[in-house]
Amino acid sequence: MKKWTELVPGAVVLEAGSSARFKTGSWRTFRPVWLQENCIQCLMCWLYCPDMAVKVVDGKMTGFDYDYCKGCGVCAKECPGKQGKKAIVMEPEGK
Amino acid sequence: METRELLKWSAQVKLREKSKQEVRFEHGHRMCAGCGAPTVVKMVLMATEYPVVVSNATGCLEVSTCIQDYTAWKTPWIHTAFENAAATLSGVETMYRALLKKGKMPENVKFIAFGGDGGTYDIGLQSLSGAMERGHDMLYVCYDNGAYMNTGIQRSSATPLGADTTTSPAGSANPAGKLQVRKDLTRIMGAHGIYAAQASPSHWLDLMTKVKKAHQIKGAKFINIIAPCNRGWRTATDNSIELSRLAVETCYWPLYEIEDGKLKVTVVPEEKKPADMFFKPQGRFKHLYSPGNEGMLQRIQAEIDRTWERLLKESEQAC
């Protein structure tokens, strides 16, 4: 934590997107687990994730960023899955 | 069915392209788990393919994305008080135009103001109305979660009829919750003669199309977007997108746009679902389902039906 004398005048934050240094993964009580075999790569999880915690590389879902995932479960709920089988399931943390 | 599949596919292809672009809203922000607002912001910024300056009215979004020394924004971003997000941004936009004339600024910079329903429907209405009337080239996005969630769920003029909040509590003295109907802000903004639209994150393609369209229009624009709040709505954290979808399908939150004074409904649900489907999963309406409150439910349904029919009629006439 910076002292007030160390802050930029006007409390301006000069580093864009610096919140990435603050990890919110510890908020989680349930963790999303990705089952690749049921994934149709629709990217709905990525689109709906409020925490930008779905890792998409070159247009494809590759897993979760557990440093930031708060475990809300929106991705698991919105996942259409393959033939009725979800590609994302929520599991209790620590299991 | 085939065309629908095709449409879905083309949308996904575009989504794949979108996923390769940088999202100008970073993780690590302190919004609650499962909040609807970050998704709304993310979608609006994704649909904005220009450099952008953002001003943010006080509210959940503002306080939890700029906790000192951290910012979730990768855009120039100005914190303002509750009442003046639109006023601040109109000043910035005017300055930009002056500098542009002198050749000191690049062209095609867009301006977006974000505000919650408290900062937009209530406290910021005067500055919003002023900025829209003056026709500044900016887009105002209201993320509507239906109460002052940031300070502990106090009623706002966007709170729906019958909702239980800390300042419209349902109890023995008043078993019905909030007794007044919500303000129809989108139509108030439409009455300014500007582009005004209503959107929902569940219908993301519609939302992004409206944002894209808004950026093409020179002048003031307003988009009202529903953003479920699981704390204030008393629902599970995974429900935000599902609830915003139900809000559209029950016609509680109709998707339409007003352009050149003409109203057009952009999404007509295949089957209009009963309002119950949207209201019942939410704890803030729990009291409506106890004996003696049946009249209230009927009043809510009647209100929704009336608004929807009027919208459809206006939409037909405009075509």
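As the structure is a computational prediction, the values presented were derived from the model and not from experiment.

About the cut-offs
Residues numbered from 1 in each chain as written. Chains lettered and ligands numbered in written order. Predicted model: local features only at pLDDT ≥ 70, side-chain atom pairs only at ≥ 80, totals over all residues. Heavy atoms only, no water. Patch = residues over 30% accessible without salt bridge, like charges linked within 9 Å, V, L, I, M, F, W, Y side chains within 5 Å. Areas by Shrake-Rupley, 256 points an atom, 1.4 Å probe, with all protein chains shown as cover. Salt bridge = Lys/Arg side-chain N within 4 Å of Asp/Glu carboxyl O. Helix = DSSP H or I, 4+ residues; strand = E, 2+ residues; numbered from the N terminus. Buried < 20%, exposed > 50% of the residue type's maximum accessible area, 1.4 Å probe, protein only. Phe/Tyr/Trp six-rings, centres within 6.5 Å; stacked < 30°, edge-to-face > 60°. Lys NZ or Arg CZ within 6 Å of the ring centre and 35° of its normal. Axes fitted to C-alpha atoms, helices over the stretch in contact; angles between N-to-C directions. Contact = heavy atoms within 4.5 Å. Nonpolar A, V, L, I, M, F, W, Y, C, P; charged D, E, K, R; others polar. pLDDT = per-residue confidence, 0-100. Pairing = 2+ DSSP bridges. Polar contact = N/O pair within 3.5 Å; in protein donor to acceptor, adjacent residues only side chain to side chain.

1. Concerning a nonpolar patch on the surface
Residue and element names in this part refer to chain A.
Here is step 1 of the chain: There is a patch of nonpolar side chains on the surface, built from Val8, Val12 and Leu14 and spanning about 270 Å² of accessible area.
Here is step 2 of the chain: Within the fold, Leu14 resides in the segment before strand 1 (30-34).
Here is step 3 of the chain: When its relative accessible area of 69% is taken as the criterion, Leu14 is described as exposed.

2. Quick word on the packing of aromatic side chains
Here is step 1 of the chain: In total, this model carries 13 aromatic pairs over all chains according to the counting rule given.
Here is step 2 of the chain: With a centroid separation of 4.9 Å and 70 degrees between ring planes, the pair formed by Phe25(B) and Trp73(B) is classed as edge-to-face. Of this pair, Phe25(B) sits in the loop between helix 1 (2-18) and helix 2 (37-46) while Trp73(B) sits in the loop between helix 3 (60-65) and strand 2 (77-79), and the two are 48 residues apart along the sequence. The same class applies to Phe25(B) and to Trp73(B), which are both buried.
Here is step 3 of the chain: Ring plane angle 25 degrees and centroid distance 6.0 Å describe the contact between Trp73(B) and Trp77(B), whose orientation is recorded as stacked.
Here is step 4 of the chain: Given the relative accessible area of 1%, Trp73(B) is considered buried.
Here is step 5 of the chain: Ring pairs connect the aromatic residues Trp233(B), Tyr252(B), Phe278(B), Phe279(B) and Phe285(B), which therefore count as one cluster.
Here is step 6 of the chain: Of note, Arg31(A) hangs over the ring of Tyr66(A), and the distance from its end group to the ring centre comes to 4.4 Å.
Here is step 7 of the chain: One residue, Lys42(B), lies across the ring of Trp46(A), its end atom 5.9 Å from the ring centre.

3. Considering the packing of helix 4 (residues 85-101) of chain B against helix 6 (residues 125-134) of chain B
Residue and element names in this part refer to chain B.
Here is step 1 of the chain: At a minimum axis distance of 7 Å, the contact between helix 4 and helix 6 shows a crossing angle of 35 degrees. Residues Ala85, Ala86, Ala87 and Ser90 of helix 4 form the contact with helix 6, whose own contacting residues are Ser127, Leu128, Ala131 and Arg134.
Here is step 2 of the chain: Residue composition of the contact of helix 4 with helix 6, grouped by class: five nonpolar, two polar and one charged.

4. Some remarks on the confidence of the model for chain B
Here is step 1 of the chain: Averaged over all residues, the pLDDT of chain B equals 93, while 97% of them reach at least 70.
Here is step 2 of the chain: If you check the scores for this complex, the pTM reads 0.94 and the ipTM reads 0.94.

5. Quick look at the pairing of strand 3 (residues 110-116) of chain B
Residues and elements named next belong to chain B.
Here is step 1 of the chain: Of all seven residues in strand 3, seven are buried, a share of seventy percent or more.
Here is step 2 of the chain: Burial of the side chains of strand 3 extends over both faces: Lys110, Ile112, Phe114 and Gly116 are buried on one face and Phe111, Ala113 and Gly115 on the other.
Here is step 3 of the chain: Strand direction decides the pairing type here: strand 1 (residues 52-56) and strand 3, joined by five bridges, are parallel. Following the sheet pairing, Ser55 is matched in strand 3 by Ala113.
Here is step 4 of the chain: Bridge analysis of strand 3 against strand 4 (residues 139-144) gives five bridges, and the strand direction is parallel. Bridge pairing in strand 4 links Gly116 to Tyr143.

6. Quick word on the interface of chain A and chain B
Here is step 1 of the chain: In this assembly, 36 residues from chain A lie in contact with 41 residues from chain B.
Here is step 2 of the chain: Viewed at the interface, chain B and chain A are joined by one salt bridge.
Here is step 3 of the chain: Among the ionic pairs, Arg245(B) bridges to Glu78(A), the shortest N-O distance being 2.8 Å.
Here is step 4 of the chain: Where chain A meets chain B, there are 22 residue pairs in polar contact (both at pLDDT 80 or more).
Here is step 5 of the chain: Listing elements by their share of the side of chain A that touches chain B, those giving two or more residues are helix 1 (44-48) and helix 2 (74-78) of chain A.

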